[in-house]
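# Observations on the three-dimensional arrangement
Spelled out from the first residue to the last, the chains are:
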Amino acid sequence: MSTHQAETRRSPAETLAPVALVDRLLALTSDLTSVIRKETGLLHDRAQTEIAALQPEKTRLANDYAMDVLAVRGHRNLLDRAPSERVARLKSAMSELDKALALNGEALTAAKSVSEGLIRMVANAMSERTAPSLGYGPNAAASARRPGSSAGTGSLTLDSRA
């Protein structure tokens, strides 16, 4: 059976024994924390291709995590019968995930700010390049364009290679 088929046949949280549910949640939390930390590092390194490659796994883990957490919220008794030591480890792992998500959010905000700044800078440069002529000359004819500017709009190509 393929990994995708195994994911499709994922057992609902309500059908698992308390220990199995805690263990699955702990594994999901740890795996998701790991992916989030990796993404945060890649954001700092500006490694767009690697960030994009992480997204399917991040999405799968986040969806599985969310489904299990919602099931536990709806049926709090699911964890009541699990050993307290395992539940404590799960709570600790969830706390680590929260910290990783906060750092990831900061990195995403910084990356967005840099991207928006670059877009504004490019847009300003393009609008200066394609600005209308300086004014009107005799007989209401447009005067010459600024030196170095072309008559048409410019195009822009960005290369993401380092």
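Residues numbered from 1 in each chain as written. Predicted model: local features only at pLDDT ≥ 70, side-chain atom pairs only at ≥ 80, totals over all residues. Heavy atoms only, no water.

### Description of the confidence of the model for the protein chain
- Taken over all residues, the pLDDT of the protein chain has a mean of 82, while the share at 70 or more is 74%.
- Within the protein chain, the lowest mean pLDDT, 47, falls on helix 1 (residues 3-8), and the highest, 95, falls on helix 2 (residues 18-45).
- Counting contacts from residues 1-7, a segment whose pLDDT is below 50, to residues more than four positions away or on other chains yields 3 contacts. (pLDDT = per-residue confidence, 0-100. Helix = DSSP H or I, 4+ residues; strand = E, 2+ residues; numbered from the N terminus. Contact = heavy atoms within 4.5 Å.)

### Some points on helix 3 (residues 48-74)
- Relative to the 39 Å expected for 27 residues at 1.5 Å per residue, helix 3 spans 38 Å between its end C-alpha atoms, a close match to the ideal helical length.
- In the structure, helix 3 departs most strongly from a straight axis at Gln55, where the bend amounts to approximately 35° and where the proline Pro56 lies between one and four residues downstream.
- Regarding helix 3, the residues found buried are Ile51, Leu54, Lys58, Leu61, Asp64, Tyr65, Asp68, Val69, Ala71 and Val72. (Expected span 1.5 Å × (residues − 1). Bend = angle between axes of the 7 residues up to and from the residue. Buried < 20%, exposed > 50% of the residue type's maximum accessible area, 1.4 Å probe, protein only.)

### Some remarks on the environment of Val69
- When you line up the elements, Val69 lands in helix 3.
- We classify Val69 as buried; its relative accessible area is 15%.
- Remark: the alpha-carbon pair of Val69 and Leu25, spanning 44 residues in sequence, is separated by 8.0 Å.
- Each residue touching Val69, except ones within four places of it in the same chain, is listed here: Leu25 and Met94.

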